[in-house]
Amino acid sequence: MKRMLLTGMSGVGKSTLARALRSERCLSVDLDEGWMLLRSPDGERIIDVPRVERLFDTCRNRHIVLAGTAVNQGELYGQLDEIIVLTAPLPVMRARIMRRTDNPFGKTQEEWAKIVRDKAEVEPLLLRGCTRVLQTDRPPAEVLRALNAMLYGAAGPQ
């Protein structure tokens, strides 16, 4: 069974794709939904790595797709089959962020400025450590087909 991480900046579609990939054969986890810890004193959120490792140990008969980005995600890289950076142009990311209703992050000018900085500074670091890059400014069904092909091969999900 495959283990994947979908990573990238806010607004590239990580959460949306994670929801779309959930199935009987694929456990898809949005790391923003209770899988992060606050790191003191800087308040940065980090992945709860021991919890994710327990998930890997207990769900050996299913594909697992993690979706999220954190400074410590590299701690999981050795246990993953694919590290996929999702990317999109800034105008696409901004439009998505402004439309979404399940996550307010990025809607203020300060938060948007952070996303723009992160795209310039953090995205290149993610690209250096990834196994694949997927552009998400194309139709969502096309991106989902590409991810399903990575998980299930040409036959697709059953």
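Predicted model, so just to flag it, every value in this text is computed and none were measured. (Residues numbered from 1 in each chain as written. Predicted model: local features only at pLDDT ≥ 70, side-chain atom pairs only at ≥ 80, totals over all residues. Heavy atoms only, no water.)

### So, the pattern of salt bridges
Reasoning step 1: Using the criterion set out here, one finds 8 salt bridges in the structure.
Reasoning step 2: Here Asp118 and Lys114 are joined by a salt bridge, their closest N and O atoms 2.8 Å apart. In this pair, Asp118 and Lys114 both sit in helix H4 (residues 109-121), 4 residues apart, roughly one turn of the helix.
Reasoning step 3: As a salt-bridge pair, Arg138 and Glu142 come within 3.0 Å of each other at their nearest N and O atoms.
Reasoning step 4: On the basis of relative accessibility, which here comes to 32%, the residue Glu142 falls in the partly exposed class. (Salt bridge = Lys/Arg side-chain N within 4 Å of Asp/Glu carboxyl O. Helix = DSSP H or I, 4+ residues; strand = E, 2+ residues; numbered from the N terminus. Buried < 20%, exposed > 50% of the residue type's maximum accessible area, 1.4 Å probe, protein only.)

### Looking at the packing of aromatic side chains
Reasoning step 1: In total, this model carries 0 aromatic pairs according to the counting rule given.
Reasoning step 2: Its guanidinium or amino end placed over the ring of Trp35, Arg51 lies 3.7 Å from that ring's centre, counting from NZ or CZ. (Phe/Tyr/Trp six-rings, centres within 6.5 Å; stacked < 30°, edge-to-face > 60°. Lys NZ or Arg CZ within 6 Å of the ring centre and 35° of its normal.)

### Quick look at the sheet that holds strand S6 (residues 82-87)
Reasoning step 1: Strand order across the open sheet formed by 5 strands is S2-S5-S1-S6-S7, with parallel pairing between neighbours. Edge positions in the open sheet fall to strand S2 (26-30) and strand S7 (132-135), since each of these has one partner strand only. The mean angle between the axes of side-by-side strands here comes to 20°, regardless of whether they run parallel or antiparallel.
Reasoning step 2: Of the pairings in the sheet, the one linking strand S1 (residues 3-7) to strand S5 (residues 63-67) comprises 4 bridges and is parallel in character. Counterpart to Leu5 in the pairing with S5 is Leu66.
Reasoning step 3: Of the strands in this sheet, S1, S2, S5, S6 and S7 touch helix H6 (residues 140-152), which is tilted by about 155° from S7. (Pairing = 2+ DSSP bridges. Axes fitted to C-alpha atoms, helices over the stretch in contact; angles between N-to-C directions. Contact = heavy atoms within 4.5 Å.)

### A look at the side chain of Asn72
Reasoning step 1: Structurally, the position occupied by Asn72 is in the loop between S5 and S6.
Reasoning step 2: Those residues in contact with Asn72 that sit more than four places away from it in its chain are Ile46, Ile47 and Val49.

### A word on the packing of helix H1 (residues 14-21) against H6
Reasoning step 1: Close contact between H1 and H6 brings their axes to 11 Å; oriented N to C, the two are set at 55°. In terms of axis orientation, H1 runs oblique to H6. Crossing of H1 against H6: the hand is right-handed. Contact with H1, carried on its side by Leu17, Ala20 and Leu21, involves Val143, Leu144, Leu147, Asn148 and Leu151 of H6 and no other residues of that element.
Reasoning step 2: Among the residues making up the contact of H1 with H6, the classes are represented as 7 nonpolar, 1 polar and no charged. (Parallel < 35°, antiparallel > 145°, perpendicular 65-115°, else oblique. Left-handed = near helix turned anticlockwise from the far one by under 90°. Nonpolar A, V, L, I, M, F, W, Y, C, P; charged D, E, K, R; others polar.)

### A look at the nonpolar core
Reasoning step 1: The biggest cluster of nonpolar side chains holds 44 residues, and the ones touching the most others in it are Leu6, Leu31, Leu66 and Leu147.
Reasoning step 2: Setting aside residues up to four positions removed in sequence, Leu147 forms contacts with Met4, Leu6, Leu17, Leu21, Ile84 and Leu134. (Core = buried A, V, L, I, M, F, W, Y, C linked by side-chain atoms within 4.5 Å.)

### Overview of H1
Reasoning step 1: Among all positions in H1, only Lys14, Leu17, Ala18 and Leu21 are buried. For H1, the angular spread of the buried residues around the axis is 105°, confining them to a single face. (Arc of directions from axis to C-beta.)

### Description of the environment of Thr16
Reasoning step 1: The topology assignment puts Thr16 in helix H1.
Reasoning step 2: The partly exposed category is assigned to Thr16, whose relative accessible area is 48%.
Reasoning step 3: Separated by 13 residues in the primary sequence, Thr16 and Val29 place their C-alpha atoms 11 Å from one another.

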